[in-house]
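Fold and geometry: a report
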Amino acid sequence: MADDLGDEWWEKQPAGAASSPEASDGEGGGDTEMMQQETAPVPAQSKKTKQPKECFLIKPKETKEDATKTRRRRKKKITDVLAKSEPKPGTPEDLQNLMKDYFSSSRSVIELEELNLPDSCFLKANDLTHSLSSYLREICPKWVKLRKNHNEKKSVLMLIICSSAVRALELIRSMTAFRGDSKVMKLFAKHIKVQEQVKLLEKRVVHLGVGTPGRIKELIKQGGLNLNPLKFLVFDWNWRDQKLRRMMDIPEIRKEVFELLEMGVLSLCKSESLKLGLF
């Protein structure tokens, strides 16, 4: 009887009841736990992702500072090399090579050859043993006679080209022994208007002009300075500034020098009426 009652009880149980063989194995409960794990938020992982972001934000600042220090060290090394290197006097070949490099991108091979200046148009270059006065005396021993015969206005007999107004004033002070009674004019832009310089050149005879290539170019453009009577053009070639740069090492000055040479200087050199010097 007990067995018959047990069979009747099993037959009356609904399908999928907790007492079914599937429920007794515990598989349904395991699926519920896994779904809860998949859908539950994971706060611990989100906290961990914030930490490396904070570390990453600090690193660029350190690398920028390190890069700045590296750049400063490199500049210092270049300066040290220039300071320790022995100064070499400029030569006519230096000027010729710089001219070719400057015009190489805009001139043909034939036009570059036309820029070559004859050796006869160059004066003896400074060997770094001269002061300005002693150098000018060597390249122009007949200066006194030459300046006495000069009476043309809006012109000069000698031009000395340098990189700045401050350097021009230094050169004027250092050439006192050479110039004597010669009339010297400052040809730079600092604190002096170009119209004032044009008026001064129209009023009186000037023998020597000392200045920058940019202002000299402007005076030529405005008709205030005529280059035809010019006999000597001297570059302040070997002097170095606080950054150990020569005049032709500064891109802006170099550009203006070559533009000035094209404004009649090269043609005067080829005709041998004008001589070039490197001080």
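What comes next concerns the included structure.

Conventions used here
Residues numbered from 1 in each chain as written. Predicted model: local features only at pLDDT ≥ 70, side-chain atom pairs only at ≥ 80, totals over all residues. Heavy atoms only, no water. Phe/Tyr/Trp six-rings, centres within 6.5 Å; stacked < 30°, edge-to-face > 60°. Helix = DSSP H or I, 4+ residues; strand = E, 2+ residues; numbered from the N terminus. Buried < 20%, exposed > 50% of the residue type's maximum accessible area, 1.4 Å probe, protein only. Core = buried A, V, L, I, M, F, W, Y, C linked by side-chain atoms within 4.5 Å. Contact = heavy atoms within 4.5 Å. Salt bridge = Lys/Arg side-chain N within 4 Å of Asp/Glu carboxyl O. Arc of directions from axis to C-beta.

Another point: the packing of aromatic side chains. A full pass over the atoms with the stated rule returns six aromatic pairs. Note on Tyr-135 and Phe-279: the rings are 5.6 Å apart at their centroids and 45° apart in plane angle, and the pair reads as tilted. Of this pair, Tyr-135 sits in helix α7 (residues 132-139) while Phe-279 is found in the segment after β5 (275-278), placing the two residues 144 residues apart along the sequence. The exposure class of Tyr-135 is buried, given its relative accessible area of 1%. Classification of Phe-279 by relative accessible area gives buried; the value is 11%.

Attention now moves to the nonpolar core. Residues Leu-233, Phe-235 and Leu-276 are the most contacted members of the largest nonpolar core, which totals 41 residues. Elements with a minimum of two residues in this core: α5 (92-103), β1 (158-161), β2 (184-187), α11 (194-203), α12 (213-221), β4 (232-235), α13 (251-270) and β5. Sort the elements by how many residues they give to this core and α13 lands first, with nine residues. Leaving out residues up to four positions away in the same chain, Phe-235 has contacts with Leu-95, Ile-161, Met-247, Val-257, Leu-261, Leu-276, Gly-277, Leu-278 and Phe-279. Listed in part, the 24 residues of the second largest apolar core include Leu-157, Met-158, Phe-178 and Val-234.

Here we come to the pattern of salt bridges. Within the structure shown, the criterion is met by eight salt bridges. Close ionic contact of Lys-255 with Glu-259 constitutes a salt bridge, the shortest N to O distance being 2.6 Å. With Lys-255 and Glu-259 both in helix α13 and four residues apart, the pair spans about one turn of that helix. For Glu-259, a relative accessible area of 23% gives the class partly exposed. One connected set of salt bridges, linked through shared partners, spans Arg-167, Glu-170 and Asp-236.

Restricting attention to buried positions, one finds in α11 the residues Val-194, Gln-197, Val-198 and Leu-201. The buried residues of α11 occupy an angular sector of 105° when projected down its axis, which confines them to one face. Turned more than 90 degrees off the buried face of α11, the exposed positions are Lys-199 and Lys-203. Packed against the buried residues of α11 are β2 and α12.

Functional significance is not addressed by these values, which are geometric in nature.
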